[in-house]
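# Residue-level structural notes
So the chains spell out like this:
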Amino acid sequence: MHELGIAQSALGLVLDQLRAHAATRVAGITLRIGSLAGVDEESLRFAFSTLLPGTAAEGAQVTIEAVEARAHCAACGIEFPASDGFLFACPQCGEFSGDVRQGRELDLARVELV
Amino acid sequence: MHMHHHHGKTPTGPVAPAKPGDLVVIDLGDDERPTYPPPGDFGGVQFQQVEVNLPLLGENQRLATENRAHFQAHGVKAVNLVSGPGAGKTTLLARTLQALAEEIPCGVLVGDLETDADARRLRHPKVPVAQITTGSACHLDAHMVGHGFEALDSPGMRLLFIENVGNLVCPAEFDLGESVRVGLFSCTDGEDKPLKYPPLYKSVHVVLLTKTDLAEAAGFDRALARENLAKIAPQARVFELSSKTGEGFEAWLDFLRGLLA
């Protein structure tokens, strides 16, 4: 449901790139998705499978680059992996932090054009 | 209010509006399609790799920023009400309008998948109300709100209330261009709602703990709820109130008045 909108948005940007570079076909689409972006990879791939046929991106290889979540602790200044949820307890001092430095990405990273 | 490039389909030919008794068919025929070589047939061809690095949800943010500027230019403070279904958004809004509409020009946009039931409950002689039926979209987005605002005819409007679709998940990430985002948390919910739906609670400026008149009957632990809110949403100002009895309601109204001061 939500992933369909994301795939549509991605396809729009991909086709913009195709036009901007005067290419004919899209051979590859790479998305950068953080673990905290709330995106289900399987649903997203399914969405692409329904949207790409009949477009210049038909047959394109879809690659998803996962970005692990990392948070910063204001109390002791360290950066640490924040694997799940939003309650990030600093492994060093135990203080809670909501300062996410990476892991919320939802970007079109690159395209391969022909 | 904005120009946008539709990537979707366009109807073939002009479509005249249907008069009562008429039937009109809107055929979303495919736009002219060029033919391509078979898919995946890239063998031996040199690819051009292009670094893009653009956010996928950028379109909504762009439109939200436009909305924000538009509201500011018109002296309108937009309030986005979010919550799960049944937390009391419409009842709260109805009582709020009863109290404020005589002193402050208000407008309302309400989003639901289907029905105009909420819009009907919010009717007020001094307030223009527009119901947005999304069909399948589980949240309002900036595009819908931009168009919705155009459907409200009220030149002196100061407060725009946006009642979002009842949903604790998706509305969190869709900026509508609002000045204030208000989350409703009902005393008939579990005290752990904030722990279960962090993105939404982290995105609000204000939390209204509603239905305080039912807290005792529901065995709701208000202290625990406040503790969970402090943990997940330390940034939010919390008001406890009952739209039914009016307990705590004046503080909420004063907060709204304060937005326009």
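These lines cover the structure that appears in this document, whether it is placed above or below. This structure is a prediction, so every number in the text was calculated from the model and none was measured.

### Some thoughts on the interface of chain B and chain A
With 29 residues of chain B at the interface, the matching set in chain A holds 33 residues. Taking both partners together, chain B and chain A bury about 2,900 Å²; carbon and sulfur atoms supply 65% of that area. Notably, a salt bridge pairs A:Arg110 with B:Glu51, separated by 2.6 Å at the nearest N-O pair. Here chain B and chain A share eleven residue pairs in polar contact (both at pLDDT 80 or more) between them.

### A closer look at the pattern of salt bridges
Residues and elements named next belong to chain B. If you walk through the whole model with that rule in mind, you get 21 salt bridges over all chains. Of the charged contacts in the structure, one is a salt bridge between Glu240 and Arg226, with a shortest N-O distance of 2.7 Å. Taken together, the positions of Glu240 in strand E8 (residues 237-240) and Arg226 in helix H8 (residues 222-232) put the pair 14 residues apart, joining distant regions of the chain. Residue Glu240 is classed as partly exposed on the basis of its relative accessible area of 25%. What makes Arg226 partly exposed here is its relative accessible area of 34%.

### Here's the deal with the sheet that holds strand E3 (residues 70-72) of chain A
Residue and element names in this part refer to chain A. The strand order across the open sheet built from three strands is E4-E3-E7, with neighbouring strands paired in antiparallel fashion. The outermost strands of the open sheet, each flanked by one partner alone, are strand E4 (79-81) and strand E7 (100-102). Taking each pair of neighbouring strands and ignoring which way they run, the sheet shows an average axis angle of 35 degrees.

### Digging into the environment of A:Val14
Residue and element names in this part refer to chain A. Mapping Val14 onto the fold places it in helix H1 (residues 2-20). Using a relative accessible area of 0% as the deciding quantity, one classes Val14 as buried. Residues Val14 and Val111 lie 97 residues apart in sequence; the distance between their C-alpha atoms is 7.0 Å. For Val14, the residues in contact, after removing those within four places along its chain, are Val26, Ile29, Leu108 and Val111.

So, how was this worked out
Residues numbered from 1 in each chain as written. Chains lettered and ligands numbered in written order. Predicted model: local features only at pLDDT ≥ 70, side-chain atom pairs only at ≥ 80, totals over all residues. Heavy atoms only, no water. Contact = heavy atoms within 4.5 Å. Buried area = accessible area lost by both parts, 1.4 Å probe. Salt bridge = Lys/Arg side-chain N within 4 Å of Asp/Glu carboxyl O. Polar contact = N/O pair within 3.5 Å; in protein donor to acceptor, adjacent residues only side chain to side chain. Helix = DSSP H or I, 4+ residues; strand = E, 2+ residues; numbered from the N terminus. Buried < 20%, exposed > 50% of the residue type's maximum accessible area, 1.4 Å probe, protein only. Pairing = 2+ DSSP bridges. Axes fitted to C-alpha atoms, helices over the stretch in contact; angles between N-to-C directions.

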